[in-house]
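# Understanding the architecture of this molecule
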Amino acid sequence: MATMEIPTLLVIIFIIFIMIIRRKKKTLNYPPGSFGWPFLGETLDFLRAANKEGKPEKFVKDRIEKYKSKIFKTSLMGEKMVVLGSASGNKFLFSNENKQVTVWWPVTIRKILGSCLITTVGDEAKLMRKMISSFISPDAFSRLYIKAMEVVAHDHFKNYWEGKEEVKVFPLVKLYTFKVACQLFMSIEDDTEIERLSAQFHIFLKGLISLPLYLPGTAFYKAAKATDAIRKELLQVVRKRREDLEQKTASPSQDILSYLLSCPDENGKFMSELVIVNNILLLLFAGHDTSSVTLTLLIKRLMEYPQVYENILQHYNKFDYQKQIISSPISHISSPKILCDEKKNLDNHSSL
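The notes below deal with the structure included here. Fair warning: this is a prediction, and the values are worked out from it, not measured in the lab. (Residues numbered from 1 in each chain as written. Predicted model: local features only at pLDDT ≥ 70, side-chain atom pairs only at ≥ 80, totals over all residues. Heavy atoms only, no water.)

## Focus: the environment of Lys222
Rules: Counting from the N terminus, the helices are DSSP H or I runs at least four residues long and the strands are E runs at least two residues long. Whether two residues are in contact is decided by their heavy atoms: any pair within 4.5 Å suffices.
In this structure, Lys222 sits in helix 10 (residues 219–246). Expressed as a C-alpha distance, the spacing of Lys222 and Phe204, which sit 18 residues apart in the sequence, is 7.3 Å. Residues within four places of Lys222 in sequence aside, it is in contact with Ile203 and Gly217.

As structure tokens, then:
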């Protein structure tokens, strides 16, 4: 008799526990919105707006209008979340990082990138950030990058633009920004190697924001495979550089790769080869789309307003910029002012 009562008691306790959990959930102050379908959530609606229509902001605007609220709940990429669609919401987030909120990345990004600056938390993340920031600061650009960017730009235009009656700007600009990053971060100069990495890199980018389904044919699966191929190749670059550093044929200050291999953190700990590769992959990802889109839009605007283009060209030809860039720090170069003046001209033309 006693043995029959024990299972019955356990069932009653379990039911009470479920009722308490449900009651707590009902008392949570969720904003309006919908979590959509199980697992899928509203991901398909988001991807349709972002990829097919080219307007990811439409997903947010439609829901702000539907719920009459600038904050709403949803579920994307298999994870429940709250979207803030106002300036005050952004201010709250950015002023309370590591206080009331912490940085969050979709599970696809965390799985694909692995252990790196954005997926690490706590003291380890702070040490990692200190190490990497010295090579991606504004001062680093003036000391290390200007000359290399100029050289890569001249080479890129010579090989891919000159003599062509027509070019597709965006793909070429993406290749240029990727070449610049490979040169600056790892001193990779071979065009064939860069183009091979670039092809895998774009597969990687397409799967970063996708459903985390590791099944053949899915964007996430393709991105994971592409990332494995990139890691394999970059690990070979890292190991070759380590040998060069040991043989004194490479300098610890040559690029960020040499720096991370040569310099420990404050505790005397060196990054592992895999973490170095993950962080370089992160840097390639972080600056790629934003730089490519900005440069493409700039070229588009210059073609729309030929007079502005001619003014910039005259300023460029008036001064020996190549010599000035190589021999002078960035603070002494007058071109940023020129570009700012021409931006005002662009804005004035736009408002007409």
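## Section: the pairing of strand 1 (residues 71–76)
Going by this rule: Partly exposed describes any residue whose relative accessible area lies between the buried limit of under 20% and the exposed limit of over 50%, with all areas from a 1.4 Å probe on protein chains only and scaled to the type maximum. Any two strands with at least two DSSP bridges between them are considered paired.
Of all six residues in strand 1, five are buried; the element is thus mostly enclosed. In this sheet, strand 2 (residues 79–84) lies alongside strand 1 in antiparallel orientation, the contact comprising six bridges. Paired with Phe72 across the strands is Val83, a residue of strand 2. Between the antiparallel neighbours strand 1 and strand 2 lie two residues, among them Met77 with a positive phi of about 55 degrees.

## Some remarks on a nonpolar patch on the surface
For clarity, the cut-off: By definition, no residue in a patch forms a salt bridge, and every one has over 30% relative accessible area; like charges are joined within 9 Å, nonpolar side chains (Val, Leu, Ile, Met, Phe, Trp, Tyr) within 5 Å. Calculation of accessible area relied on Shrake-Rupley with a 1.4 Å probe; when residues are assessed, cover is drawn exclusively from the protein chains displayed. The term salt bridge refers to a side-chain nitrogen of Lys or Arg lying within 4 Å of a carboxyl oxygen of Asp or Glu.
A grouping of Phe39, Leu213 and Leu215 is seen on the molecular surface, where their side chains present a nonpolar patch of about 260 Å² in accessible area. Positionally, Phe39 belongs in the loop between helix 1 (2–27) and helix 2 (43–52). On the accessibility criterion, Phe39 (43% relative accessible area) is partly exposed.

## Things to note about the packing of helix 2 against helix 3 (residues 56–67)
The test is simple: The convention used is that axes are lines fitted to C-alpha atoms, helices contributing only their stretch in contact, and that angles between N-to-C directions extend from 0 to 180 degrees. These descriptions rest on fixed angle ranges, namely under 35 degrees for roughly parallel, over 145 for roughly antiparallel, 65 to 115 for roughly perpendicular, and the rest for oblique. We call Asp, Glu, Lys and Arg charged. Ala, Val, Leu, Ile, Met, Phe, Trp, Tyr, Cys and Pro are nonpolar, and the rest, Gly among them, are polar.
Where helix 2 contacts helix 3, the axes come no closer than 6 Å and their chain directions differ by 130 degrees. When the axis of helix 2 is compared with that of helix 3, the two are oblique. Every residue of helix 3 that contacts helix 2 at Asp45, Phe46, Ala49 and Ala50 is listed here: Pro56, Lys58, Phe59 and Arg63. Considering only residue class, the contact of helix 2 with helix 3 consists of five nonpolar, no polar and three charged.

## Topic: the environment of Trp37
Note that Trp37 resides in the loop between helix 1 and helix 2. Given a relative accessible area of 65%, Trp37 falls into the exposed group. Each C-alpha atom of the pair Trp37 and Ser75 lies 8.6 Å from the other, and the pair is 38 residues apart in sequence.

## Let's talk about the pattern of salt bridges
Evaluated as defined, the whole model comprises 16 salt bridges. Of the charged contacts, one joins Arg48 and Asp45 as a salt bridge, the two residues approaching to 2.8 Å between their closest N and O atoms. Remark: Asp45 and Arg48 occur in helix 2; sequence separation between them is three residues, near one turn of the helix. Since its relative accessible area comes to 38%, Arg48 is described here as partly exposed. In this structure Asp45 comes out as partly exposed when scored by relative accessible area, which is 32%. Notably, a salt bridge pairs Arg231 with Asp228, separated by 4.0 Å at the nearest N-O pair. Taken together, the residues span about one helical turn, with Arg231 and Asp228 both in helix 10 at a distance of three residues. On the basis of relative accessible area, Arg231 is assigned to the buried category, the value being 13%.

## Concerning unusual backbone geometry
The backbone of Phe39 sits at a positive phi, close to 65 degrees, despite the residue not being glycine. Positive phi outside glycine occurs at Lys68, with the angle close to 55 degrees. Along the chain, Lys68 falls in the loop between helix 3 and strand 1. Judged by its relative accessible area of 71%, Lys68 is exposed.

## So, the side chain of Asn278
Here is the rule: Counting of polar contacts relies on pairs of N or O atoms within 3.5 Å, with two restrictions inside protein: one atom must be capable of donating a hydrogen and the other of accepting it, and residues adjacent in sequence are counted only when both atoms are side-chain atoms.
Structurally, Asn278 can be placed in helix 12 (residues 273–304). Exposure remark for Asn278: the relative accessible area of 2% places this residue in the buried category. A polar side-chain atom of Asn278 sits 3.4 Å from the main-chain carbonyl oxygen of Leu113. The contact partners of Asn278, leaving out residues within four places of it in the chain, are Leu113, Gly114, Ser115, Cys116 and Arg231.

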